[in-house]
Amino acid sequence: MGKVTVNSTNSDVLNYLKTQSAEAFDRTYKILQSRIDKFGVAAPSITPQPATGRIVVELPGVDNPARVRRYLQAAAKLEFWETYKAAEIYPYLKQANDLLAIRLAPDTTSGSLDTTQSTAASLTLGNDTGKTAADTGMLANSKSKDSLNIKPDSTALAKKEQAKNPLFAIMYVPNYKDEKTGQQMVSTGPTVGLVLGKDTAKVNKLLHQDFVQTVLPRDVKFLWGAKPLDETQSTYELYAIKKQVGDDNAPLGGEHVTVARQDFDPNGKAEVSMTMDNEGAKIWKQLTAKNAQGDKVEDHGFIAIVLDNYIQSAPRVTNEIPNGRSSISGNFDITEAKDLANILQTGKLPAPAVIIAEDVVGPSLGQEAINSGLRSMIVAFVAVLAFMILYYNTSGIVANIALLLNLFFIIGVLASLGATLTLPGIAGMVLTMGMAVDANVLIHERIKEEFAKGKNTLKAIADGHYKSYSAVFDTHLTTLITGLILAYFGLGPVLGYATTLNIGVIFTLFTAVFVAHLIFDWWVKKERPMKFFTPISKNRLTQMNIQFVSKRKYAYFFSGTLALLGLISIFTRGFDYGVDFTGGRSYVVKFQQNVNTSEIRKEMEDITKFTPVVKTYGSENQVKITSQYQMDAPDSIAERGLYSSLKKFIGKDVTPEQFMKDYVQSTSRVGATISDDIRNSAYKAVFFSLIAIGLYILVRFRKWQYSLGVIVALAHDVLMVMGIFSLLKGIMPFALEIDETFMAAALTVIGYSVNDTVIVFDRIREYLREHPASDMKKVINDAINSTLSRTVITSLTVFLVLLILFLFGGDSIRGFSFAMLIGIVFGTYSSIFVATPLVIDFTRDTETLKFAEKDAKKEAHEAMMQAK
């Protein structure tokens, strides 16, 4: 649609805004993708999530996180502005300073602006008139090479003087001594003030006071230099640019830059050279001509080159530049110049890109995690292969071939998608192996039942496959439903886990149902022996006649008691929430010696005034620290605070840079906004999973009682896991955090728990079709007993895989594995003692008979059609 007009309806406005937002998101994604392609890392990954407005970026092998943050967040909004000279703006600043002294006198004593606590700076500068360049169309740097001496001097201005000079107490105005008159003169350069980094926010607040704005020129706008001065690393330059009154657009913007590349200036320093289009060249010519007026070069004006509201450089114009060429110099190293050139070349972001959450894993911890993941996958794979052969004999070999193909397909698809190998992805592959075994166990156990009826091998295999299809499809589709919901709401590692799991579910269906069946047919037609039993498994869990239904009241009491204990613990002890849910920063720090977590917690609390969560992480000399200290501050400030609070434990000789490189193994930051989003998304994911599975069961079994039983059982399983996490908080030797990874485990438990229930429901439906007038309680008992071997074997195989993942998978997914282990146990229990009994208690016999007769007629019709 066109632009919004005064006659547009609310719906039109909303549609327009949605369209613009979607287009801005797509352009931002493409620009970031182009930037990452030029970044120079192997196997980068960038995944858009339009529904949440997020873009997930994974860059393996990066050793400079700060560079990545700058590179990705730079909006690339390039502007060229004329500037005031310090001597021109000083009279206005003097008026502002005097006015502040009058208006803020009471506040300076109360500390609302805290000017008395600022460290005054004694600065000595040489002549700042700038140096000239030859008439080559270049701009000259505004700073001279004379000495710069900046010394903190807390006694330079007494409190009384600070009260008289609220602005100048924390901002030095560059000046020089006139050689002829001997007087101190305000500099004619573009730098109007020098301010310590910690005082920049105070200067901003003072200059933006309403009454200060009345004495300043209407066309002035103050901007800071992008980097601190080389000589101090703590002092920033303040500039005053000239804008058109009522117009915030720059005279010349970056949209006219057609080529940007890293180059070197005549002095051999890195810079970014730019070429403009015809319109840009015309404006550039007019702008430089306007500022090149005057008999002396010293009288010429300056043009500030601004990137994302920070001034990169403000060179003096030596002459008119007619060819549309310019350069940016800002004390860059080569890497910074290349990054800036790439950012300008790929274009301006249509909307700001803000890093709302990040995880940085150091090379040692990252390699350790990958090694742990691969070790767990290999051990689990070997264990599963051995189990299938030991339990199913020759048919186990067929299942193993299908399992190998499944793993091959998963790795192939992930490689074709350009996915990066991560620990959550490996966890998804390990769990997929357990689920692949499930499908084969379902089919094999059904084939064994057909053998027990006296059928020959070929007939038993065909009927076993056919009669197990409904259960196989139902179990995998319910898992796929939760996997898709998890992928929709998940972020970062959870998304990688969900992607791997979903791919695995699809290929498990293909390999277990189609490929394995083909191998069986080929094997039997070759008249080779095919065995489904071993001495260990023969007659195991068969001919069972346990009266499960009559014991359901005891199960209700047991589940109710556990649920009550869990709820009491949840409301009294609460949870150990991870940084995903609370927001904040999390660090894994490895010390040279064993440390006491209580001492670290106390030391950090005393220094930062925030109470951190400190836990041992893997070994006695490695801890995980989570805190909301400096949650929204720049990373450099937060890292400096961490260093200061841990200095007692790392030694005085360790520098901040060395500490972040050698001691900090990983960092994670989640902003307050994204933590709220993650928490709300987790709740929505669980809710929608329960509803989606309930609806699926309703469609498949056409009775609301089945859906109710499933939903109650799944809610029961999640509550049990959460209750145990609350009860064991602080007791287990590993972290039991409620975070996004835990929610991934909860959703996987939901998807997997319903599998066992669906198997029992499927057998109940089959028995009712065969014997519509049978007693409901007897049918359910028979269904549970006849599927008990499948229920136990499938649960045991997945439990075995998860136990291996828990033992060998590493500390970062130990909590996830533990949640899954609890979920599998209670999922198996609830399918027998919660979901199925509820169907009995909410179903009338007449209603059962009616639905059973309807199902029987449908099955008879399908059989007749198949016979035709």
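The rules behind the values
Residues numbered from 1 in each chain as written. Predicted model: local features only at pLDDT ≥ 70, side-chain atom pairs only at ≥ 80, totals over all residues. Heavy atoms only, no water. Helix = DSSP H or I, 4+ residues; strand = E, 2+ residues; numbered from the N terminus. Buried < 20%, exposed > 50% of the residue type's maximum accessible area, 1.4 Å probe, protein only. Contact = heavy atoms within 4.5 Å. Areas by Shrake-Rupley, 256 points an atom, 1.4 Å probe, with all protein chains shown as cover. Axes fitted to C-alpha atoms, helices over the stretch in contact; angles between N-to-C directions. Left-handed = near helix turned anticlockwise from the far one by under 90°. Nonpolar A, V, L, I, M, F, W, Y, C, P; charged D, E, K, R; others polar. Pairing = 2+ DSSP bridges. Core = buried A, V, L, I, M, F, W, Y, C linked by side-chain atoms within 4.5 Å. Salt bridge = Lys/Arg side-chain N within 4 Å of Asp/Glu carboxyl O. Phe/Tyr/Trp six-rings, centres within 6.5 Å; stacked < 30°, edge-to-face > 60°. Lys NZ or Arg CZ within 6 Å of the ring centre and 35° of its normal.

Regarding the overall build of the protein
Thought 1: Summing up its helical and strand segments, the protein has 26 helices and 25 strands in all.
Thought 2: Looking at the protein residue by residue over its 868 residues, the buried ones come to 52%.
Thought 3: For the protein, the proportion of contacts with a sequence separation of at least 24, taken over those separated by at least 6, is 75%.
Thought 4: Accessible area of the protein: about 40,300 Å², with a carbon and sulfur share of 57%.

Comments concerning the packing of helix H21 (residues 704-727) against helix H25 (residues 814-841)
Thought 1: Contact pair H21 / H25: the axes reach a minimum separation of 8 Å and the direction vectors enclose 145°. Where H21 crosses over H25, the two elements pack in a sense that is right-handed.
Thought 2: Looking at side-chain class alone, the contact of H21 with H25 contains 17 nonpolar, 7 polar and 1 charged residues.

What to know about the pairing of strand S24 (residues 664-670)
Within a regular strand, the side chains alternate between the two sheet faces.
Thought 1: Counted residue by residue, S24 has 7 buried out of 7 residues, so it is predominantly covered.
Thought 2: Direction of pairing for strand S21 (residues 584-590) relative to S24: antiparallel, over a ladder of 6 bridges. When the sheet's bridge partners are listed, Val589 is paired in S24 with Val664.

Looking at the nonpolar core
Thought 1: Core analysis: the largest hydrophobic core is formed by 80 residues, its most contacted members being Ile693, Ile697, Tyr706, Phe725, Ile750, Phe761 and Ile764.
Thought 2: One finds Ala96, Leu104, Val173 and Phe211 within the second-largest nonpolar core, a separate group that totals 26 residues.

Overview of the packing of H21 against helix H22 (residues 740-770)
For any two helices packed against each other, one specifies the inter-axial angle together with the distance between the axes.
Thought 1: Contact geometry for H21 and H22: axes closest at 9 Å, N-to-C directions at 145°. Along this stretch, H21 crosses H22, giving a crossing that reads as right-handed. Residues Tyr706, Val710, Leu714, Asp717, Val718, Val721, Met722 and Phe725 of H21 pack against Phe742, Ala746, Val749, Ile750, Ser753, Val754, Thr757, Phe761, Ile764 and Leu768 of H22.
Thought 2: Within the contact of H21 with H22, the residues separate by chemical class into 15 nonpolar, 2 polar and 1 charged.

Quick look at the pattern of salt bridges
Thought 1: Counting across every chain of the model gives 18 salt bridges.
Thought 2: Arg552 is the partner of Asp841 in a salt bridge, and the nearest nitrogen-oxygen pair spans 3.0 Å. Taken together, the positions of Asp841 in helix H25 and Arg552 in helix H15 (residues 552-572) put the pair 289 residues apart, joining distant regions of the chain.
Thought 3: A residue is classified by how much of its surface remains accessible, and Asp841, at 35% relative accessible area, is partly exposed.
Thought 4: Taken together, the salt bridges that share partners define one network made up of Arg446, Glu450, Lys453, Lys455, Lys459, Asp463 and Lys467.

Some thoughts on the packing of aromatic side chains
Thought 1: Scanning the model with the defined rule gives 26 aromatic pairs in all.
Thought 2: The interplanar angle of 65° and the centroid separation of 6.4 Å between the aromatic rings of Phe591 and Phe649 together place this pair among those described as edge-to-face. With Phe591 in the loop between S21 and helix H17 (597-608) and Phe649 in helix H18 (residues 635-650), the pair connects residues that are 58 residues apart, well separated along the chain. Side by side, Phe591 and Phe649 carry an identical accessibility label, which is buried.
Thought 3: Judged by centre distance (5.8 Å) and plane angle (80°), the rings of Phe701 and Phe761 are edge-to-face. With Phe701 in helix H20 (residues 672-701) and Phe761 in helix H22, this residue pair connects regions lying 60 residues apart in the sequence. The same class applies to Phe701 and to Phe761, which are both buried.
Thought 4: The rings of Phe408, Phe409, Phe507, Phe510 and Phe514 are connected pair by pair, giving a single aromatic cluster.
Thought 5: Over the ring of Phe211 we find Arg103; its NZ or CZ atom is 4.3 Å from the centre of that ring.
Thought 6: Of note, Lys242 hangs over the ring of Tyr84, and the distance from its end group to the ring centre comes to 5.1 Å.

Function cannot be inferred from these measures alone, as they are strictly geometric.
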